[in-house]
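Architecture at a glance
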Amino acid sequence: MENNSFPITNWSEDDRPREKLMLKGKAALSDAELIAILIGSGSRNESAVELSRRILSSVDNNLNALGKLSIAQLVCFKGIGEAKAISIIAAMDLGRRRRGETAAELKKITSSKMIFEIMQPVIGELPHEEFWIIYVNNSNLIISKSQLSKGGITATLVDVRLIFKNALEIGATGIVLCHNHPSGTLKASEADIKITKKIKLAADSLDITILDHIIVGEHGYFSFADEGIL
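Residues numbered from 1 in each chain as written. Predicted model: local features only at pLDDT ≥ 70, side-chain atom pairs only at ≥ 80, totals over all residues. Heavy atoms only, no water.

Another point: the overall build of the chain. Looking only at helices and strands, the chain has nine helices and five strands in total. Mapped in sequence order, the helices and strands of the chain form the string α-α-α-α-α-α-α-β-β-α-β-α-β-β. Put simply, of all contacts in the chain between residues at least 6 apart along the chain, 56% involve residues at least 24 apart. Entry remark: accessible area of the chain is about 12,800 Å², with carbon and sulfur atoms responsible for 54%. (Helix = DSSP H or I, 4+ residues; strand = E, 2+ residues; numbered from the N terminus. Contact = heavy atoms within 4.5 Å. Areas by Shrake-Rupley, 256 points an atom, 1.4 Å probe, with all protein chains shown as cover.)

In terms of nonpolar packing, the biggest core is built from 17 residues, with Ile39, Ile55, Leu66, Leu74, Ile80 and Ile88 touching the most fellow members. Elements that contribute at least two residues to this core include exactly α2 (31–39), α3 (48–58) and α6 (82–104). Looking at which element gives the most residues to this core, the answer is α3, with five residues. In this view, Leu74 contacts Ile55, Leu66, Leu69, Ile80, Ala85, Ile88 and Ile89; residues no more than four positions away in its chain are not counted. Phe131, Leu148, Ile163 and Ile175 belong to the second largest nonpolar core, which has 16 residues in total. (Core = buried A, V, L, I, M, F, W, Y, C linked by side-chain atoms within 4.5 Å. Buried < 20%, exposed > 50% of the residue type's maximum accessible area, 1.4 Å probe, protein only.)

A separate point is the pairing of strand β1 (residues 130–136). Counting buried positions over the seven residues of β1 gives seven, a clear majority of the element. Side chains Glu130, Trp132, Ile134 and Val136 project from β1 onto one buried face, and the interleaved Phe131, Ile133 and Tyr135 project onto a second face that is buried too. The pairing of β1 with strand β2 (residues 142–150) spans seven bridges and is classified as antiparallel. Among the inter-strand pairings, Trp132 is bridged to a residue of β2, identified as Gln147. From the end of β1 to the start of β2, which pair antiparallel, there are five residues, and Asn140 there has a positive phi angle of about 65°. Here six bridges tie β1 to strand β3 (residues 174–180), and the two strands are oriented antiparallel to one another. Across the sheet, the residue bridging to Tyr135 is Ile175, located in β3. (Pairing = 2+ DSSP bridges.)

As a further point, take the sheet that holds β2. In a beta sheet, neighbouring strands are held together by backbone hydrogen bonds and run either parallel or antiparallel to one another. Strand order in the open sheet made by the five strands is β2-β1-β3-β4-β5, with mixed pairing throughout. If you trace the sheet from one side to the other, it starts and ends with β2 and β5 (221–223), each paired once. The mean inter-strand angle of the sheet, taken between neighbouring strand axes irrespective of direction, is 20°. Inspection of the sheet shows strand β4 (residues 209–216) paired to β5 by three bridges, in the antiparallel sense. (Axes fitted to C-alpha atoms, helices over the stretch in contact; angles between N-to-C directions.)

Taken together, Leu21, Met22 and Leu34 make up a surface patch of nonpolar side chains, about 280 Å² in accessible area. Position of Met22 relative to the elements: it lies in helix α1 (residues 17–24). Given the relative accessible area of 66%, Met22 is considered exposed. (Patch = residues over 30% accessible without salt bridge, like charges linked within 9 Å, V, L, I, M, F, W, Y side chains within 5 Å. Salt bridge = Lys/Arg side-chain N within 4 Å of Asp/Glu carboxyl O.)

Here's what the structure looks like:
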């Protein structure tokens, strides 16, 4: 049982996060205990686990919300300096990237939901807008995915010529358009519809199929194909 008035070094070996991980495995640790391993130590009056619990409590114990905290926000907690803040941010982003790689293992595009699962870890939680292209072959197998542009909070520029230059270079026969709405609004704007029509017109002339245009949010998505407006 954790002793709340003593540092981790004074606990029984079974209760220390590092030792607990070695003895019982990673699944036995709470989120706070895993974060405590990252930061290593707390302060004179607070253990690393207690400090981790306090940080998690500030974001309602939501790891996605924790992953959005900046260095400046993390160092506001007594006991967290820049080095510890950077460790937390690095670990959270590794988790995000791992989710992205796991989703990308679903190589064949079969649904709008699959596209969302591939792209949500990449752009779903960003504070700015990004436009990405997924390139596929004639079996809808993913050849590559790449960032086309990166913009501000409400918009990003789209270079139509670059989309098809890349498609022709890698032999793609189909593309999926993806961008995020930092505002959280899962609805196509007039600008979204206009640029989609412009890209589709160019795609038709090159015999390249637009499979879908997905607006990615943190928890959901909007599919042009599903809504019949592609």
